[in-house]
Amino acid sequence: MGLFDFFSKEKKETLDKGLEKSKTSIFDKISKAIVGKSTVDEEVLDELEEILISSDVGVETTIKIIKRIEVRVARDKFTNTAELDVILREEIAELLQENNSQDVQNSFETENLPKPYVLMVVGVNGVGKTTTIGKLAHNFQKNGKKVVLGAADTFRAAAVDQLKLWGERVGVEVIDHGMNTDPSSVAYDAIKVGVEKGADVIIIDTAGRLHTKVNLMNELGKIKRVMQKILPEAPHEVMLVLDGSTGQNAVIQAREFTKVTEVNSLTITKLDGTAKGGVVIGISDEFKIPVKYIGVGEKMEDLQVFNKMAFVDSLFKK
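Residues numbered from 1 in each chain as written. Predicted model: local features only at pLDDT ≥ 70, side-chain atom pairs only at ≥ 80, totals over all residues. Heavy atoms only, no water.

S.K.: Help me out: how do you make sense of helix 4 (residues 59–76) in this one?
M.R.: Two residues of an α-helix separated by three or four positions point the same way, owing to the 3.6 residues in each turn. With 18 residues, helix 4 extends 26 Å between its outermost C-alpha atoms, agreeing within 8% with the 26 Å of an ideal straight helix rising 1.5 Å per residue. Here the buried face of helix 4 lies against helix 3 (42–54), helix 5 (84–98) and helix 11 (279–287). Remark: K77 follows helix 4 within two positions and exhibits a positive phi of approximately 60°. (Helix = DSSP H or I, 4+ residues; strand = E, 2+ residues; numbered from the N terminus. Expected span 1.5 Å × (residues − 1). Contact = heavy atoms within 4.5 Å.)

Following this line, the structure appears as structure tokens:
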């Protein structure tokens, strides 16, 4: 079985295209750094360190990568600069493989999950949270799953309407109480309807703000407690959506949210419109929380199941 056999050729091409800006930015900088140099020396490694940090890989993760390359260069002695992209790709892939977060081969299947599977989605406004929920609903439904959505982001103007539009577009039921209503009561009703109608997946949208940690923690805690009156184990998954185009701001948001709620999966959006794709590497390495999906385009199918090896290949392969 080949490395990307579960990836269709079309999906890999979409991934390549979605990461084109990040890839071009990184390789342009590397090309300038190695001009006139034949071997990977200390100066080249210093330049590479700056390139990775400026590509939003993150300081700690960058240091780990550079140390790995230093060990390899020392072992292989005269490493040619022409091999730098291959070495970089291999060492980053190996670093990510060593992390304790596992790739999910097809996370739009639910056969081995509880039914209904309750997914609560968190994240600040503007990261693409509601759009991600719409795309998730589409992909689950395409896999033959019955989906119910809960519009529990009741404080943001048009958030409820936006989710209802996605529901109509995708053809799934949306439970809502309108604006400025109690989010937990929406979540309760969504669970109730989902159980009654035999849903495979129930996705709950929540308020997209980090106004104060205490208020957010209290609100999310209440939503969980109310859902558990019907399904004691709900939610089965808390997914944090981050905007990849914000670079290190996405990392800061991840730190804040993981302090106030038990996040166990990540989705990183808007990677097609930015040169900051390296942030996925830093986030995956730092938090050891599975990056489950990445957004690499506008189409429904452009929300892809994340695979470390395919991602690194697309980002660092010439």
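From this point, the discussion proceeds with the structure in view.
S.K.: Honestly, the sheet that holds strand 4 (residues 201–206) in this entry has me stumped. Any pointers?
M.R.: Strand pairing in a sheet is mediated by backbone hydrogen bonds. Such pairs are either parallel or antiparallel. Spatial strand order, 3-2-4-1-5-6-7-8: eight strands in an open sheet with mixed pairing. Where the open sheet ends on each side, the last strands, each with one partner, are strand 3 (173–175) and strand 8 (303–305). The mean inter-strand angle of the sheet, taken between neighbouring strand axes irrespective of direction, is 25°. Sheet analysis places strand 1 (residues 117–122) next to strand 4, joined by five bridges and oriented parallel. From the neighbouring strand, Y117 faces strand 4, where its bridge partner is V201. (Pairing = 2+ DSSP bridges. Axes fitted to C-alpha atoms, helices over the stretch in contact; angles between N-to-C directions.)

S.K.: What should I look at first to understand a nonpolar patch on the surface in this one?
M.R.: Residues I53, V59 and I63 make up a contiguous nonpolar surface patch of roughly 220 Å² in combined accessible area. Tracing the backbone through its elements, the reader meets V59 in helix 4. For V59, a relative accessible area of 48% corresponds to the partly exposed category. (Patch = residues over 30% accessible without salt bridge, like charges linked within 9 Å, V, L, I, M, F, W, Y side chains within 5 Å. Areas by Shrake-Rupley, 256 points an atom, 1.4 Å probe, with all protein chains shown as cover. Salt bridge = Lys/Arg side-chain N within 4 Å of Asp/Glu carboxyl O. Buried < 20%, exposed > 50% of the residue type's maximum accessible area, 1.4 Å probe, protein only.)

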